[in-house]
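Observations on chain architecture
What follows is each chain in one-letter form.
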Amino acid sequence: MISKQPASLSDDAVVLREGIARAQTGLVDRELVAEVVALCAVAGEHLLVIGAPGTAKSEAVRRTADQLGGRYFEYLLGRFTEPSEIFGPVDLRRLREGSVEFETAGMLPEAEVAFLDEVFLGSTAVLNTLLGILNERVFRRGSTLLSCPLRVCVGAANSLPDDPALAAFADRFLARVFVSPVPDARLDELLEVGWSAGSRPSDPAGSLLPALDRLSEATRGCDLGGVRGPLATAIRQLRQAGVPLSDRRAVRSQRLVAAAATLDGRTAATADDLWVLPLIAPTLDAQASAREVLADLVAQGRNASLVYAAEEFARGQQARAARLVESGRRLLDELVTAPLTHDDRLRVEATLREIDAGFVLADASQALQDMRGRLVAAIQR
């Protein structure tokens, strides 16, 4: 039997799920990014988002950070970025007293959520100091020694670095998401959203960090005993298929597995949570290989809080059904007008077509059957 979280933690998972949904409002084909930022924040790991300029990497991260709340730091790194621009300037008062200390207020060492764009363009001085913050959550510079409250750092870049030294730095970001331009099938939606864009989703009632921290604590206590064998087997299969995984990445993958289980409302992980493993594959080709190698193992994977991510990496019917139920729910929540507008009707019809094309209704889950009925009723009103 799969144990469930205590009600309070289940409530926290719902609170975070709703925050993710608000962040996803107005994002087209970037819902996955918002979910993986939240997954990494709960796991206490960091994320790299790789994609060409103009693919809304920054917007997806900012929207998610807005919903998480807390102190946020963002910076676009360049070759000539000074460490003081990231970590804070020298405290001149203390310098006159003979002590080299730094003023970190409002800078990265005091941030709870951070986003570093073009992260690989930082100088050696910047990246070396970053390592301490990413690895140990500690800022060391001069006489300053500060414990950092960082939950998650998201780095973005147009491509992965070729320099071996930078590749070693990149290995500190456990999860990778690769984004490409919005597919043709969603161009109409992109154009509509882009034309009406101009504001981010409404702010949450308050910071989600307390809920996130409780979920992180539950993740650290998640029972991995029943999944450690299948996880070891999966890692071996990935390595045998040529997916390069360091020992560090293999060990820390357990944090993503545990966080996925926690966000799905469970105190114990199962093999169905191993759908997160392609996230730790370091390149786009390696992720494609990981999906293929693990296809049978993770086919039953799904996640109530991470419906887009689970569908992307599990590629199974359960995950797809869960995503369609959640998409339908959000759509119906938006459709408060009666009768529907022309655009509203097209959106409902598109969801119904996807359900009918992907499932034999008699074999579909009851939740998906019920959602299809609600969508049909909405379009007939």
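Everything below is about the structure printed above this text.
Quick summary incoming for the structure in this document. (Residues numbered from 1 in each chain as written. Predicted model: local features only at pLDDT ≥ 70, side-chain atom pairs only at ≥ 80, totals over all residues. Heavy atoms only, no water.)

Bringing the state of the cysteines into the picture now. For the structure on display, the rule yields zero disulfides. Looking at the unpaired C40, the closest cysteine sulfur is the one in C153, lying at 11 Å. No disulfide involves C148; its nearest neighbouring cysteine sulfur is the one of C153, lying 11 Å away. Given a relative accessible area of 7%, C148 falls into the buried group. (Disulfide = S-S within 2.5 Å. Buried < 20%, exposed > 50% of the residue type's maximum accessible area, 1.4 Å probe, protein only.)

Moving on, we get to the pattern of salt bridges. Throughout the structure, instances matching the rule amount to 27 salt bridges. Across the pair E45 and R255 runs a salt bridge, and its minimum N-O distance is 3.4 Å. One end of the pair, E45, is in the loop between helix 2 (31–43) and strand 1 (47–50); the other, R255, is in helix 11 (residues 247–263), with 210 residues separating them in the sequence. Judged by relative accessible area, E45 falls into the buried class, the value being 1%. The partly exposed category is assigned to R255, whose relative accessible area is 36%. Measuring nitrogen to oxygen at the nearest pair gives 3.1 Å for the salt bridge that ties D264 to R266. When sorted by exposure, D264 lands in the same class as R266, which is buried. (Salt bridge = Lys/Arg side-chain N within 4 Å of Asp/Glu carboxyl O. Helix = DSSP H or I, 4+ residues; strand = E, 2+ residues; numbered from the N terminus.)

Running from amino to carboxyl end, helix 2 crosses helix 11 at an angle of 105°, the nearest separation of the two axes being 8 Å. Judged by the inter-axis angle, helix 2 sits roughly perpendicular to helix 11. On the side of helix 2, the interface is formed by L39, C40, V42 and A43, while helix 11 contributes R255, L256, A259, A260 and L263. Residue composition of the contact of helix 2 with helix 11, by class: eight nonpolar, no polar and one charged. (Axes fitted to C-alpha atoms, helices over the stretch in contact; angles between N-to-C directions. Parallel < 35°, antiparallel > 145°, perpendicular 65-115°, else oblique. Contact = heavy atoms within 4.5 Å. Nonpolar A, V, L, I, M, F, W, Y, C, P; charged D, E, K, R; others polar.)

Right, let's get into a nonpolar patch on the surface. Together, L92, L95 and V100 make up a nonpolar patch on the protein surface, roughly 250 Å² of accessible area in all. Along the polypeptide, V100 turns up in the loop between helix 5 (92–96) and strand 3 (113–117). (Patch = residues over 30% accessible without salt bridge, like charges linked within 9 Å, V, L, I, M, F, W, Y side chains within 5 Å. Areas by Shrake-Rupley, 256 points an atom, 1.4 Å probe, with all protein chains shown as cover.)

What follows covers the packing of aromatic side chains. Considering all chains together, one arrives at five aromatic pairs under this definition. Pairing F73 with Y75 gives two aromatic rings, centres 6.2 Å apart and planes at 5°, and the pair type is stacked. On the basis of relative accessibility, which here comes to 6%, the residue F73 falls in the buried class. The exposure class of Y75 is partly exposed, given its relative accessible area of 25%. Every member of this aromatic cluster is reached through a ring pair, and the members are F87, F102 and F139. (Phe/Tyr/Trp six-rings, centres within 6.5 Å; stacked < 30°, edge-to-face > 60°.)

From the geometry alone we can't say anything about function, so treat these as descriptive.
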